[in-house]
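Secondary and tertiary structure notes
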Amino acid sequence: MYQNFSLFDGTTDHFDTDAYFVVDDESGKIIETGTGSPAPADQTVDLQNKFVMPGLINAHTHITSDVSGKLDALGSANLNPIVATKIALDNLSDLLKHGVTYIRDVGADFDVDIQLAKLEKGGHIVSPGICASGRPLAMTGGHFCTISYEVDSPDEARKAARKALKNGADNIKLMATGGVSFGGESPNDVQLTEEELRAAVTEAHHKGRTANAHAQGTEGIKNALRAGVDSVEHAFYLDDEAIQMFLDQGTFIVPTLIAVYGISDRGEGRVPDFMLDVAREVKRAHMESISKAAHAGVKLAMGTDAGTPNNDFKNDSAFELELMVEAGCTPLQALQAATINGAQLLKIDEEYGTLESGKFADFIVLENNPLESIKSVQGKKRIFKKGHEVL
């Protein structure tokens with residue numbers, strides 16, 4: 001039993017004081033929660049009046065990306081499955097120690113994320129849970145095409161989606177526009193067509209899986225929305241019509257504000273000039289778009305695009321929450337984006353995302369109240385995965 005703490009369980013807008021919950025050691029699930037004086041338990045852990053919240057869910061990572069620059073880069077022709085797996089395991093370890101207890105990976109070399117997801121589910125490795133996408137779908141020569149299935153018609157998109165699902169993907173990642181990190185394209189470039197996107201989304205939904213789209217420019221965002229994706233990643237340029245489409249369809253935005261910040265504010269002398277120019281050009285519009293979406297009530301899920309330049313797996317998930325608040329989210333919206341909303345997007349909310357009876361005891365213990373200062377999530381913390389402390 002864990003007791004003597006203030007609890008944000010993910011379902012309310014506040015911390016309840018003098019809280020406790022009881023965890024079944026064998027299953028790692030919570031079997032009782034409450035406040036006040038609980039009945040005696042076999043083992044009691046006093047959390048010393050700290051602040052407890054669900055573990056963070058990062059809905060946009062690239063775990064086979066080596067942010068140290070010492071090994072071959074994501075999508076490199078020189079990368080091999082063994083090195084990619086080594087990179088991924090190190091990144092997963094960093095995420096977990098930082099308080100990220102579940103991720104959605106949205107583009108990994110050699111389907112490494114799919115295999116590691118199976119190992120984690122089987123209890124063979126200790127890591128965040130993984131919603132895996134494997135290889136994305138992109139147009140020939142399009143964004144992130146180096147590790148993607150290249151498709152150029154609805155039929156090709158359908159077949160590639162079916163192949164990804166056959167290989168074990170939990171999610172289908174789609175490239176609807178160009179981006180910041182690749183030369184010869186821009187965030188406003190329309191890439192996969194609405195019809196191509198829809199074909200892949202339909203296949204994902206037929207199998208009870210999700211589909212998400214990298215979409216930065218307005219037209220590409222609307223193509224993705226009309227195609228029925230579950231979430232749009234980045235969403236740099238949102239107009240009023242796009243925001244209304246999000247609201248009408250209940251589609252999530254995963255803002256990944258740190259991905260632009262890592263280039264625009266940390267990239268001088270570390271990334272090519274074209275990346276700096278594009279990132280600095282889009283930064284203000286990106287912040288304004290997420291601000292408008294947050295104020296309108298669009299559902300947000302936290303994701304960082306971890307693995308992009310100067311965007312690591314150690315503390316940037318918590319820093320993303322700070323950037324979301326800077327963009328206009330309330331601290332509550334930011335915490336919900338990283339907990340209950342992320343779980344709903346990944347369709348894992350029956351077992352994760354909130355601290356309630358019947359759900360896994362994935363939680364973090366903070367020194368201070370993050371609803372008063374979102375920066376608290378970046379501070380000293382203790383991490384628990386399925387009821388066991390991560391050391």
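Residues numbered from 1 in each chain as written. Predicted model: local features only at pLDDT ≥ 70, side-chain atom pairs only at ≥ 80, totals over all residues. Heavy atoms only, no water.

1. Things to note about the sheet that holds strand 1 (residues 2-7)
Spatially, the 7 strands line up as an open sheet ordered 3-2-1-4-14-15-16, and their pairing is mixed. Two strands in the sheet have a free side with no partner beyond their single neighbour: strand 3 (30-35) and strand 16 (388-390). Across the sheet, the axes of successive neighbouring strands diverge by a mean angle of 40 degrees, strand direction being ignored. In terms of strand pairing, strand 15 (residues 381-385) meets strand 16 through 3 bridges, oriented antiparallel. The residue of strand 16 that forms the bridge with Phe-384 is Glu-389. Each of strand 15 and strand 16 is contacted by helix 1 (residues 81-98), which is oriented at about 115 degrees to strand 15, the strand it contacts most. (Pairing = 2+ DSSP bridges. Helix = DSSP H or I, 4+ residues; strand = E, 2+ residues; numbered from the N terminus. Axes fitted to C-alpha atoms, helices over the stretch in contact; angles between N-to-C directions. Contact = heavy atoms within 4.5 Å.)

2. Comments concerning the environment of Arg-284
Along the chain, Arg-284 falls in helix 8 (residues 273-296). In this structure the C-alpha to C-alpha distance between Arg-284 and Asn-310, which are 26 residues apart in sequence, comes to 19 Å.

3. Digging into helix 1
Taking 1.5 Å per residue, 18 residues should reach 26 Å; helix 1 reaches 26 Å between its end C-alpha atoms and fits that length. Buried within helix 1 we find Ala-84, Ile-87, Ala-88, Asn-91, Leu-92, Leu-95, Leu-96 and His-98. Summarising the axial view, the buried residues of helix 1 lie within an arc of 165 degrees, below the 170-degree limit, and thus occupy one face. Exposed and oriented more than 90 degrees from the buried face of helix 1 are Ile-82 and Lys-97. Elements in contact with the buried residues of helix 1: strand 6 (100-105), helix 2 (112-121), strand 7 (129-131), helix 9 (316-327), strand 15 and strand 16. Measuring from the backbone nitrogen of Ile-82 back to the side-chain oxygen at the start of helix 1 gives 3.0 Å, which picks out Asn-80 as the cap. (Expected span 1.5 Å × (residues − 1). Buried < 20%, exposed > 50% of the residue type's maximum accessible area, 1.4 Å probe, protein only. Arc of directions from axis to C-beta. Polar contact = N/O pair within 3.5 Å; in protein donor to acceptor, adjacent residues only side chain to side chain.)

4. Thoughts on the pattern of salt bridges
On inspection of all chains with the given rule, the structure shows 18 salt bridges. Residue Glu-120 pairs with Lys-386 through a salt bridge whose shortest N-O separation is 3.8 Å. Here the residue Glu-120 occupies a position in helix 2, and Lys-386 occupies one in the loop between strand 15 and strand 16, the gap between them amounting to 266 residues. For Glu-120, a relative accessible area of 5% gives the class buried. (Salt bridge = Lys/Arg side-chain N within 4 Å of Asp/Glu carboxyl O.)

5. What to know about the domain arrangement of the chain
Splitting the chain by domain gives domain 1 (2-54 + 353-389) and domain 2 (56-346). Domain 1 and domain 2 are separated by 29 Å when their C-alpha centres are compared. If you look at the interface, domain 1 gives 21 residues, while domain 2 gives 25 residues. Across the interface of domain 1 and domain 2, roughly 1,800 Å² is buried in total on both sides, 69% from carbon and sulfur atoms. Contact with domain 2 buries surface across domain 1, with Ile-374, Gln-378 and Lys-385 losing the most and accounting together for 33% of the total. At the surface where domain 1 touches domain 2, the tally comes to 2 salt bridges. Glu-322 is the partner of Lys-375 in a salt bridge, and the nearest nitrogen-oxygen pair spans 3.9 Å. (Domains from an automatic or database assignment. Buried area = accessible area lost by both parts, 1.4 Å probe.)

6. Quick word on the UniProt feature "domain: Amidohydrolase-related" (unreviewed entry) in the chain
In the numbering adopted here, UniProt assigns the feature "domain: Amidohydrolase-related" (unreviewed entry) to residues 51-381. Structurally, residues 51-381 comprises 40% helix and 14% strand, and the distance from its first C-alpha atom to its last is 10 Å. (UniProt positions renumbered as here; feature names shortened; annotations may be inferred.)

7. Some words on unusual backbone geometry
The backbone phi angle of Asp-111 is positive, close to 55 degrees, even though this residue is not glycine. Relative to the helices and strands, Asp-111 is located in the loop between strand 6 and helix 2. Even without a glycine there, the phi angle at Asp-305 is positive, about 65 degrees. With respect to the element layout, Asp-305 can be found in the loop between helix 8 and helix 9. Residue Asp-305 is classed as buried on the basis of its relative accessible area, which comes to 8%.

8. What to know about the packing of aromatic side chains
Applying the stated criterion across every chain, the model contains 13 aromatic pairs. Between the aromatic rings of Tyr-2 and Phe-384, the centroid separation amounts to 5.4 Å while the plane-to-plane angle is 75 degrees, which identifies the pairing as edge-to-face. Pair noted here: Tyr-2 is in strand 1 and Phe-384 is in strand 15, with a separation of 382 residues, a long-range link. Residue classification places Phe-384 among the buried positions, given a relative accessible area of 2%. Members of the aromatic cluster, each reached through a chain of ring pairs, are Tyr-2, Phe-5, Phe-21, Phe-363 and Phe-384. Lying over the aromatic face of Tyr-149, Arg-135 brings its terminal NZ or CZ to 4.0 Å of the ring centre. Seen from the ring of Phe-360, Lys-386 lies directly overhead, with NZ or CZ sitting 4.8 Å from the centre. (Phe/Tyr/Trp six-rings, centres within 6.5 Å; stacked < 30°, edge-to-face > 60°. Lys NZ or Arg CZ within 6 Å of the ring centre and 35° of its normal.)

9. Details of the nonpolar core
With 82 residues, the main nonpolar core has Leu-137, Ile-172, Leu-174 and Leu-321 as its most contacted residues. Two domains each donate at least three residues to this core, and these are domain 1 (2-54 + 353-389) and domain 2 (56-346). Beyond its immediate sequence surroundings of up to four residues, Leu-321 is in contact with Leu-56, Met-302, Ala-334, Leu-335, Ala-338, Ile-374 and Val-377. Within the second largest apolar cluster, 14 residues are counted, among which are Tyr-2, Phe-21, Val-23 and Ala-361. (Core = buried A, V, L, I, M, F, W, Y, C linked by side-chain atoms within 4.5 Å.)

10. Here we look at the environment of Phe-360
Along the chain, Phe-360 turns up in the loop between helix 11 (340-346) and strand 14 (363-366). Those residues in contact with Phe-360 that sit more than four places away from it in its chain are Ser-27, Gly-28, Lys-29, Ile-30, Glu-351, Tyr-352, Leu-355 and Lys-386.

11. Side note on the pairing of strand 12 (residues 231-234)
On a regular strand, one side chain projects to one face of the sheet and the next to the other, so that they alternate. Relative to strand 12, strand 11 (residues 210-215) runs parallel, the two sharing 4 bridges. Bridge assignment links Ala-213 to a residue of strand 12, and that residue is Val-232. The handedness of the strand 11 to strand 12 crossover, carried by helix 5 (residues 218-227), is right-handed. Here 3 bridges tie strand 12 to strand 13 (residues 252-254), and the two strands are oriented parallel to one another. When the sheet's bridge partners are listed, Ser-231 is paired in strand 13 with Phe-252. At this point the chain moves from strand 12, through helix 6 (residues 240-249), to the parallel strand 13, and the crossover so formed is right-handed. (Right-handed = clockwise from strand over helix to strand, strands pointing away.)

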